[in-house]
Amino acid sequence: MWRDLPALQQPEWPDEAVLKEVTAELAAYPPLVFAGECDDLRDRLAAASRGEAFLLQGGDCAETFAEATADRIRNKIKTILQMAVVLTYGASMPVIKVGRMAGQYSKPRSSPTETRDGVALPAYKGDAINDYDFTPESRIPDPRRLLRAYNTSASTLNLIRAFTKGGFADLRQVHEWNRGFVKSPANARYEVMARDIDRAMRFMAACGGDTDALRTVDFYSSHEGLLLDYERALTRIDSRTGTPYNVSAHMVWIGERTRQLDGAHVDLMSRVRNPIGMKVGPKTTPDELLRLIDKLDPHREPGRLTLISRMGAGTIRDVLPGLVEAVHREGMPVLWITDPMHGNTFESASGYKTRRLDDVLDEVRGFFEVHAALGTVPGGLHVELTGDDVTECLGGSERIDDADLATRYETLCDPRLNHQQSLELAFLVAEMLSER
Ligand SMILES: O=C[C@H](O)[C@H](O)COP(=O)(O)O
Ligand SMILES: C=C(OP(=O)(O)O)C(=O)O
């Protein structure tokens, strides 16, 4: 039972009685997603594992309650839709769109404390747990925040559904998604592609083709299934099948810091029917990985398990081949995707936690090279991004350098690609996909 197993990275809630009340309340709330949608996503991920589709998973490192606004959500959706169009058009392949959205409110941390000017306080662990303000009161975990996490997830999902089903994501709006963003080489390149798409759609319509299917898109939600009190309260028995689903998101993933074979996270996620992701870092051994797959996907079900490799640009070409080879040899039908962010973080000279776009691109290249050499499928991309013009990652066509980081550094945890850097990455991935 997961409750009796070691669970890393959990908050020390100060008041058990309040936690109990909150989780009972959460357990009575309606599901945020429908189990049938999770099944659809699983089928699509199965197609991606066969090389018939590509997964694009992206969003904030840490969503915040304050930034769950219409503008911020719209910009993120627009960015993901634009990236998806670039990939679909460039690679002639369906793209599965999954947000790190509507639930990404808790963070594992390297250190339980943060020290500023000699004062040490508990680290910020995400809005579902404590507040970012650097005061002793703010940093105390508060279980009532779990209710706010649920409610903010619900309102975010509501807007996502409205945007993606209500006309905003209609492919005829392909130019609209580019509006409002500052002019850049990536936007200009996008505009050229959007014109080609327009022309192709007019051609199809003139030939009497049915373009109705292009009016809406399916957009799925995902987050790290870190906070066991929350994830358990939102695990329900599906009335159709009598099996458990985590109804807080379509897909949940297990982080690099909490994927212990005998740990509570792996145990809980092994019991739900959702598609599950798991981060795979540079220290993973083939033997450990095979045992984790045995536990999480004992029935070898395509689409069930997505392995999210996060190695670092300098390491991926050395470590990933052995892991992919071992999994392939055993005939395990996993989907491999790359997270080129988490292995490439460092502190800049001016003290900002940052990443170089060049390293991100190089890790993606390495991911494609490894799969090309082994004849396996590079099935997707997992990125921390925002639709806003932040200055958190170095490089790109704007040439953001260390001195620029201070201009608009807004993340509360890890640095995200801004809108333009995200588009640049999408163009590169589209080229690599089309070369395959
Ligand atoms: O997003 C991932 C982790 O939460 C993050 O990298 C940890 O960051 P830290 O090393 O600043 O705690
Ligand atoms: C914590 C994260 O990554 P990882 O588990 O790979 O460090 C994350 O993706 O937010």
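Quick caveat, the model's predicted, so the values are computed rather than measured.

Caption draft 1: Local environment of the site of ligand 1. Lining the immediate environment of ligand 1, one finds C61, K107, P108, R109, S110, R257, H342, K353, E384, C413 and D414. With respect to ligand 1, the backbone of P108 contributes an N or O atom lying 2.6 Å from an oxygen atom. Separating an oxygen atom of ligand 1 from a side-chain N or O atom of H342 is a distance of 3.2 Å. Protein chains shield 84% of the accessible area of ligand 1, which is 330 Å² for the free molecule. Grouping the constituent residues of the shell around ligand 1 by class yields 3 nonpolar, 2 polar and 6 charged.

Caption draft 2: Representation of the packing of aromatic side chains. If you walk through the whole model with that rule in mind, you get 6 aromatic pairs. Their ring planes at 50 degrees and their centres at 5.2 Å tell us that F65 and Y105 sit as a pair that is tilted. Here the residue F65 occupies a position in the loop between β1 (54-59) and α3 (70-91), and Y105 occupies one in the loop between β2 (95-99) and β3 (113-116), the gap between them amounting to 40 residues. In this pair, the class of F65 matches that of Y105, namely buried. Summarising the aromatic geometry, the rings of Y352 and Y409 are spaced 4.6 Å apart at their centres and angled 45 degrees between planes, so their arrangement reads as tilted. With Y352 in the loop between β12 (346-347) and β13 (353-354) and Y409 in the loop between β14 (378-384) and α11 (419-435), this residue pair connects regions lying 57 residues apart in the sequence. Its relative accessible area of 25% is what places Y352 among the partly exposed residues.

Caption draft 3: Spatial organisation of the side chain of T23. Summarising the element assignment, T23 is placed in helix α1 (residues 16-28). Accessibility expressed as a relative area gives 19% for T23, which makes it buried. From its side chain, T23 meets the backbone oxygen of K20 in a polar contact 3.2 Å long. The residues touching T23, leaving out its near neighbours within four places in the chain, are D229 and A233.

Caption draft 4: Region of interest: helix α7 (residues 264-271). Within α7, 6 of the 8 residues are buried, which leaves the element mostly enclosed by the surrounding structure. Every buried residue of α7 is accounted for by A264, H265, V266, D267, L268 and M269. Close packing links the buried residues of α7 with α6 (228-233), β7 (244-246), β8 (251-254), β9 (276-280) and α8 (286-296).

Definitions and cut-offs
- Residues numbered from 1 in each chain as written.
- Chains lettered and ligands numbered in written order.
- Predicted model: local features only at pLDDT ≥ 70, side-chain atom pairs only at ≥ 80, totals over all residues.
- Heavy atoms only, no water.
- Near = heavy atom within 4 Å.
- Polar contact = N/O pair within 3.5 Å; in protein donor to acceptor, adjacent residues only side chain to side chain.
- Areas by Shrake-Rupley, 256 points an atom, 1.4 Å probe, with all protein chains shown as cover.
- Nonpolar A, V, L, I, M, F, W, Y, C, P; charged D, E, K, R; others polar.
- Phe/Tyr/Trp six-rings, centres within 6.5 Å; stacked < 30°, edge-to-face > 60°.
- Helix = DSSP H or I, 4+ residues; strand = E, 2+ residues; numbered from the N terminus.
- Buried < 20%, exposed > 50% of the residue type's maximum accessible area, 1.4 Å probe, protein only.
- Contact = heavy atoms within 4.5 Å.

The quantities given are spatial measurements derived from coordinates; they are silent on function.
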